[in-house]
2 protein chains.
Amino acid sequence: MSKPGIPQGTRDFSPAEVRKRQYLFNTLRSIFENYGFQPLETPAMENLVTLTGKYGEEGDRLIFKILNNGLHEKKDADKEKLNAEWNKMLEKPYTSPVITERALRYDLTIPFARYVVMNQNDIAFPFRRYQMQPVWRADRPQKGRYREFWQCDADVVGSTSLINEAELLCIYQSAFYKLKVPVIIKINSRKILAGIAEYCGASDRVADIAGAIDKYDKIYWHGVEQELISKNFSKSQIQLIRKLIDFKMNISELNGTITNPLSEFEKDFTEKNILIGLQGIREIRETLKYHDNLQSSKWSQQQIEIDFKLARGLNYYTGVIVEVVCNHPQVKIGSIGGGGRYDDLTGLFGLKNLSGVGVSFGIDRIYDVMEELSLFPQNLATGASVMIVNFGGDNETYALKVLQQIRNEGIAAEIYPDAAKFDKQMKYANKRGFTYVLLLGDEEREKNMVSIKNFTTGEQKMVSLHEATSIIK
Amino acid sequence: MSKPGIPQGTRDFSPAEVRKRQYLFNTLRSIFENYGFQPLETPAMENLVTLTGKYGEEGDRLIFKILNNGLHEKKDADKEKLNAEWNKMLEKPYTSPVITERALRYDLTIPFARYVVMNQNDIAFPFRRYQMQPVWRADRPQKGRYREFWQCDADVVGSTSLINEAELLCIYQSAFYKLKVPVIIKINSRKILAGIAEYCGASDRVADIAGAIDKYDKIYWHGVEQELISKNFSKSQIQLIRKLIDFKMNISELNGTITNPLSEFEKDFTEKNILIGLQGIREIRETLKYHDNLQSSKWSQQQIEIDFKLARGLNYYTGVIVEVVCNHPQVKIGSIGGGGRYDDLTGLFGLKNLSGVGVSFGIDRIYDVMEELSLFPQNLATGASVMIVNFGGDNETYALKVLQQIRNEGIAAEIYPDAAKFDKQMKYANKRGFTYVLLLGDEEREKNMVSIKNFTTGEQKMVSLHEATSIIK
């Protein structure tokens, strides 16, 4: 028999890990609820047709497809069809519905859009929903990147008001404030990026420009320039991009983290009458104004910063975009959250003109950051706080009665189920990390008392059950 | 564009449904924790080799297999192999690891056994874990049967003490007590069933006998008899089975629900010196004795009943078995929970002699029962309890400040994000089911007050923000 294992890129979560993850999920849940967002859950499996074509070619490749069941039970005529389809699938990137018609959820956004379209008549718009569920991607696993990982999204659809953008900034701030994670929340607008593209005469190439400057932090201006050259941008175009971006970045960096070089851009865009760029600037200004009225002084460690380099990978964003990075010298990790405004997500499924805006929390990375900075509460780890030692016979009977009385007090408790050797029971108690053990021998039973031992200090005393529960609580 | 849908047998959970499910999960979680059980979570995907052969032929057929990615990128030589394997898969029930090497979790028991074996050196035994996660089966969907459904299991491995059985009975009772669901918890022992088989000279055919009598409630004695005949049991064997089972059932039925015909069986087994049967009887007696010391008088609506017809489908049980049915005239539904003792589950993965016992909660069915009997708390449904009407301009600015102050009081609140027409905003508020709306116009802003409207009574008054929050709370 070979040793059992689990698929590459997946994880078991031990009791201590589940408890920490629960803490993280519950903290986020309480904030979403406080902001009037409503929970939604969708199935792990979606029809493959719902997912394909939504995440680009690379995305299609990384979707986990589920094999249709009962293939060998088909009739011979159907098997011919199956064989033909199979051959096509071996030849090219293609998935046949007779071989695979279902797939695992790749993100929470597309299922949300699908849900909204299917339930549009029952939903009260604007619809604010949050969703915290696993997604699956056949990416090459590496440190911090899994094939099964959790997403946590909050979106509002059916409202174009920038109050929504401002509220989502507040959700980020109050969530990371509660979790004690210091962050920088970067903000930009796709419309400003579109303005830059128009400024240098390449309106149709926003994605290329955005894709290149987004990498500035990793490859610096030299690298960005090389990428733009490789994508056939002209020297003069590259100079204009540099003039705008490089200059504005320097201003931002020189003045510290919270600067506002919007006016500089406004001048450039006004000069050339670039309306989309001007609109982007207005939207950022208005979002920040709303945010000013909503924000709390407690959140000062959760900074907001305009960053024109920010582009965000997925192409469906059309307005304000945001990204969260951890702001702690000890933590070297990429983005731990992001989101933005998308103007026509549900259009993919036939429901036009429904604007939406949302943010996402990178649960797994936030977990890693909190581990690294020891931000999880100490008391989450053990669970049950009391173990009763099992001395067998009449003492066991007495122990069971005591056990149930303790539990009725709301104290998590267990008895060692076998009347095993004392050492063995103590070894177990030690490994589990109980705070207290109760020793109920002949004397305790006859006196209707309990001996309580503090496992940390080693101190032991005989007290009434009532007193013991007070000590434990 | 075709209308979007979801795969047959899967479900979206709306906000109201998620909240109710959360209530159910949290109630069970709090009981498991109170009894010292620890949470575990395993990945949705397992290696297919971990799952195949564990659930019988039918089970293998119903496992959802995941297609390996990148098939068309393989080299030609590998594609020949792929084709050969594909042809085998079309011919017979066979799955090739070059085509599918991963599959969706089919239950929580096998992943638990796999986890215990993989982590045996780190686990403190006896290991008590609970797990609440979805599982997937390619069963034909029908009312109350889904292809994605939730299991909720609590198991103890590494202890043969019958205290564990007794504690699991208490967990059932206190869980259904908390959920207000009246139930009957049926208990039997596989060893008694083995004793019956031995009694009628068919020791090797326990499964056939158990399978037949398990259906007594649906097909009565006549049906059971037919099934036994069809399985080639002799007349005299069938008479002996009837003598034991039918007679004991009648005793049990005549005397009401909590009867104990154990002594009758004991006489029969003693006469013929059937040791396994006698051991089964001793184990039930001891379990119930332990249970007597643990149980609470509050649980009287959650009855325990010995039922010799009870067999439980899966073959890995070896000792005490239990099953829970709803005990309410209005509810016609099958079992809503079950479990038992298994002696060598981890042996499947090479770890021998680790006895375990566990129970399972049928989440989806329990949910349905609670809906039918209206047992969910009323206040779970809406979420946010206050909406602020948006009058735009300066009033909007004032509203944002009020909004954040209310949220800081721990009250879930939202503002209608657009300064839309009053009627539109009221329509939204009505559909969402808010208890209160706040109206903040010129007068309220100038006086630094709020008008609060009770949506149920229609009553409206202008008060201070402090007073409004008291009213809402």
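So, how was this worked out
- Residues numbered from 1 in each chain as written.
- Chains lettered and ligands numbered in written order.
- Predicted model: local features only at pLDDT ≥ 70, side-chain atom pairs only at ≥ 80, totals over all residues.
- Heavy atoms only, no water.
- Helix = DSSP H or I, 4+ residues; strand = E, 2+ residues; numbered from the N terminus.
- Rg over C-alpha atoms; globule rule 2.2 N^0.38 Å.
- Buried < 20%, exposed > 50% of the residue type's maximum accessible area, 1.4 Å probe, protein only.
- Contact = heavy atoms within 4.5 Å.
- Areas by Shrake-Rupley, 256 points an atom, 1.4 Å probe, with all protein chains shown as cover.
- Lys, Arg positive; Asp, Glu negative; His and termini not counted.
- Charge placed at Lys NZ, Arg CZ, Asp CG, Glu CD.
- pLDDT = per-residue confidence, 0-100.
- Pairing = 2+ DSSP bridges.
- Axes fitted to C-alpha atoms, helices over the stretch in contact; angles between N-to-C directions.
- Core = buried A, V, L, I, M, F, W, Y, C linked by side-chain atoms within 4.5 Å.
- Parallel < 35°, antiparallel > 145°, perpendicular 65-115°, else oblique.
- Left-handed = near helix turned anticlockwise from the far one by under 90°.
- Nonpolar A, V, L, I, M, F, W, Y, C, P; charged D, E, K, R; others polar.
- Domains from an automatic or database assignment.

This part covers the overall build of chain A. Helices and strands together make up the secondary structure of chain A, namely 17 helices and 16 strands. Against the globule reference of 23 Å for 473 residues, chain A gives a C-alpha radius of gyration of 29 Å, more extended than a compact globule. Seen along its three principal axes, the alpha-carbon backbone of chain A occupies a region of about 95 × 70 × 45 Å. Counting over 473 residues, chain A shows a buried share of 59%. Of the contacts made within chain A by residues no fewer than 6 positions apart, 69% connect residues no fewer than 24 positions apart. Carbon and sulfur atoms form 48% of the exposed surface of chain A, whose accessible area is close to 19900 Å². In chain A, 62 positive and 60 negative side-chain charges are present, and the distance between their average locations comes to 2 Å.

Residues and elements named next belong to chain A. Averaged over all residues, the pLDDT of chain A is 91; the fraction at 70 or higher stands at 95%. The low-confidence segment residues 254–259, where pLDDT is below 50, has 7 contacts with residues more than four positions distant or belonging to other chains. We note a pTM of 0.92 for the whole complex and an ipTM of 0.92 for its interfaces.

This part is about the sheet that holds strand β8 (residues 302–306) of chain B. Residues and elements named next belong to chain B. Taken in spatial order, the 8 strands line up as β1-β5-β6-β11-β10-β9-β7-β8 in an open sheet, and their pairing is mixed. Both edges of this open sheet fall to β1 (38–39) and β8, since each of them pairs with a single strand only. In this sheet, strand β6 (residues 148–157) lies alongside strand β5 (residues 127–136) in antiparallel orientation, the contact comprising 10 bridges. Pairing of Met132 across the sheet is with Cys152, part of β6. In the packing of helix α5 (residues 109–118) onto the sheet, contacts are made with β5, β6 and β10 (335–342), and the angle to β5 comes to roughly 135°. Packing against the sheet, helix α12 (residues 275–294) makes contact with β7 (183–189), β8 and β9 (317–326), and its axis sits at approximately 140° to β7.

Moving on to the nonpolar core. One finds A:Leu28, A:Phe32, A:Val181 and A:Phe361 to be the most contacted residues of the largest nonpolar core, which totals 130 residues. If you tally residues by element for this core, the top one is helix α6 (residues 163–179) of chain A, at 10 residues. When neighbours within four sequence positions are excluded, A:Val181 is seen to be in contact with A:Phe176, A:Gln302, A:Cys326, A:Ile336, A:Val369, A:Met370 and A:Leu375. In this structure, B:Phe32, B:Ala154, B:Leu262 and B:Trp299 belong to the second largest nonpolar core, which totals 129 residues.

Further remarks concern the packing of helix α7 (residues 190–199) of chain B against helix α11 (residues 262–271) of chain B. Residue and element names in this part refer to chain B. Their axes nearest at 11 Å, the elements α7 and α11 cross at an angle of 40°. Classified by the angle their axes make, α7 and α11 are oblique. With respect to the hand of their crossing, α7 and α11 are arranged in left-handed fashion. On the side of α7, the interface is formed by Ile192, Gly195, Ile196 and Tyr199, while α11 contributes Leu262, Phe265, Asp268 and Phe269. Class assignment for the residues of the contact of α7 with α11 results in 6 nonpolar, 1 polar and 1 charged.

Moving on: the domain arrangement of chain A. Domain annotation for chain A reports domain 1 (15–44 + 106–372) and domain 2 (383–472). Distance from the C-alpha centre of domain 1 of chain A to the C-alpha centre of domain 2 of chain A: 52 Å.

For the rest of this paragraph, the subject is the pairing of strand β11 (residues 356–362) of chain B. All names here are of chain B. Among the 7 residues that make up β11, 6 are buried, leaving the element largely enclosed by the rest of the structure. As judged from the 7 bridges shared by β6 and β11, these two strands associate in the antiparallel manner. Within the sheet, the bridge partner assigned to Ala154 lies in β11 and is Val359. Here β10 pairs with β11 via 6 bridges, running antiparallel.

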